[in-house]
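So you can see what is in the structure, the chains are spelled out below.
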Amino acid sequence: MRRGSAGQCVRVLCVFSESSQCPRGLQSGMRVRFGSCVFDSATRTLSRGGEPVPLSPKAFALLELLIEASPAAVSKDALYGRLWPDTYVEQGNLHNLVSEIRAAIGDDDREIVRTVHRFGYAFAAARTMTADPSAFVIVAGNEQIPLHEGANTIGRDSVCEIVINAPDVSRQHARLLVEGDVLTLEDLGSKNGTFIGTTPVTKVVEVHDTDEIMIGRNPIRLRRVQQLATTKTAL
């Protein structure tokens, strides 16, 4: 992308590399909570303190991209390419969208949508993500943690769906993927390993009801809590 001086238009070419750091958008049905705000990618809504907050379509798309990439920063070039592919735009357009988002979510101190000098922007708030519930829970001690459809990250980081605050657990240690009635487990390059029973997880493997999963030295167990509804086709 070629940039001009302030006030000039630039043409954005829709070309991306592996290092563009611009995601393809949130999983369908994903709801993200941060502070008093709830961002819902399925219903295309944003609320603050339980009240709906208006946001233009471009600003909504920008916020979605930044949330999906967080905590990583996204370059301005990547954002221009996703929001205005193959289009001539004013250079101030991106700044205006960021200002709109900050006003909508009450980010007066610019601590939620952070400016990364001479690079781009990053979504820096702690957030939790929920989606459609699944038929499974993780049992850890006396606690039951419901799994949702799609990816459920396990780790020490507070942004994980399943948080295990133990020194031998990596920040993002492993991932459980729920796709209907099928669950798979993947180690995310953890230092102390992920196991099913005593078998180390070295690739994506399927897991089943009652399987014991070891996250480092921390046991958790998979449980089915309801039967998924099935659809029968009349012959």
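Scope of this entry: the structure provided in the associated data block. Keep in mind it's a predicted model, so treat the numbers as computed, not measured.

**Notes on unusual backbone geometry**
Thinking step 1. Cis rather than trans, the peptide bond between Ser70 and Pro71 has omega equal to 5°.
Thinking step 2. Considering the arrangement of structural elements, one finds Pro71 in the loop between α1 (57-69) and β6 (73-75).
Thinking step 3. Of note in this structure, Arg110 is not a glycine but carries a positive phi near 55°.
Thinking step 4. With respect to the helices, strands and loops of the structure, Arg110 is situated in the loop between α3 (92-105) and β8 (113-116).
Thinking step 5. With phi around 80°, Thr210 is a residue other than glycine that occupies positive phi space.
Thinking step 6. Along the chain, Thr210 turns up in the loop between β19 (205-207) and β20 (212-215).

**Observations regarding the side chain of Asp211**
Thinking step 1. Assignment of secondary structure puts Asp211 in the loop between β19 and β20.
Thinking step 2. Buried and unpaired, Asp211 has no salt bridge, with Arg221 as the nearest side chain of opposite charge at 6.7 Å.
Thinking step 3. Sequence-distant contacts of Asp211, that is, excluding residues within four places in its chain, are made with Ile196, Ile220, Arg221 and Leu222.

**Focus: the nonpolar core**
Thinking step 1. Residues Phe34, Leu46 and Leu62 are the most contacted members of the largest nonpolar core, which totals 33 residues.
Thinking step 2. Counting residues per element, the ones that place at least two in this core are β2 (31-34), β3 (37-40), α1, α2 (76-83), α3 and β9 (120-123).
Thinking step 3. Counting residues per element, this core draws most heavily on α1, which supplies eight residues.
Thinking step 4. Beyond its immediate chain neighbours, meaning those up to four positions away, Leu62 contacts Leu79, Leu83, Leu94, Leu97, Val98 and Ile101.
Thinking step 5. Among the nonpolar cores identified, the runner-up in size contains 21 residues, and Ile138, Ile164, Val178 and Leu183 belong to it.

**Some remarks on the sheet that holds β6**
Thinking step 1. Taken together, the three strands give an open sheet; going across it, the order is β6-β9-β8, and neighbouring strands pair in antiparallel fashion. Bordering the open sheet on either side are β6 and β8, each of which pairs with just one other strand. For this sheet, the mean inter-axis angle between neighbouring strands, taken without regard to orientation, is 30°.
Thinking step 2. Bridge analysis of β6 against β9 gives three bridges, and the strand direction is antiparallel. The residue bridging Ser75 from the neighbouring strand is Gly120, located in β9.

**With respect to the packing of aromatic side chains**
Thinking step 1. According to the stated counting rule, one finds three aromatic pairs in the structure shown.
Thinking step 2. With a centroid separation of 5.0 Å and 85° between ring planes, the pair formed by Phe34 and Phe123 is classed as edge-to-face. Here the residue Phe34 occupies a position in strand β2, and Phe123 occupies one in strand β9, the gap between them amounting to 89 residues. Residues Phe34 and Phe123 agree in their burial class; the two are buried.

Basis of the calculations
- Residues numbered from 1 in each chain as written.
- Predicted model: local features only at pLDDT ≥ 70, side-chain atom pairs only at ≥ 80, totals over all residues.
- Heavy atoms only, no water.
- Helix = DSSP H or I, 4+ residues; strand = E, 2+ residues; numbered from the N terminus.
- Buried < 20%, exposed > 50% of the residue type's maximum accessible area, 1.4 Å probe, protein only.
- Lys, Arg positive; Asp, Glu negative; His and termini not counted.
- Salt bridge = Lys/Arg side-chain N within 4 Å of Asp/Glu carboxyl O.
- Contact = heavy atoms within 4.5 Å.
- Core = buried A, V, L, I, M, F, W, Y, C linked by side-chain atoms within 4.5 Å.
- Pairing = 2+ DSSP bridges.
- Axes fitted to C-alpha atoms, helices over the stretch in contact; angles between N-to-C directions.
- Phe/Tyr/Trp six-rings, centres within 6.5 Å; stacked < 30°, edge-to-face > 60°.

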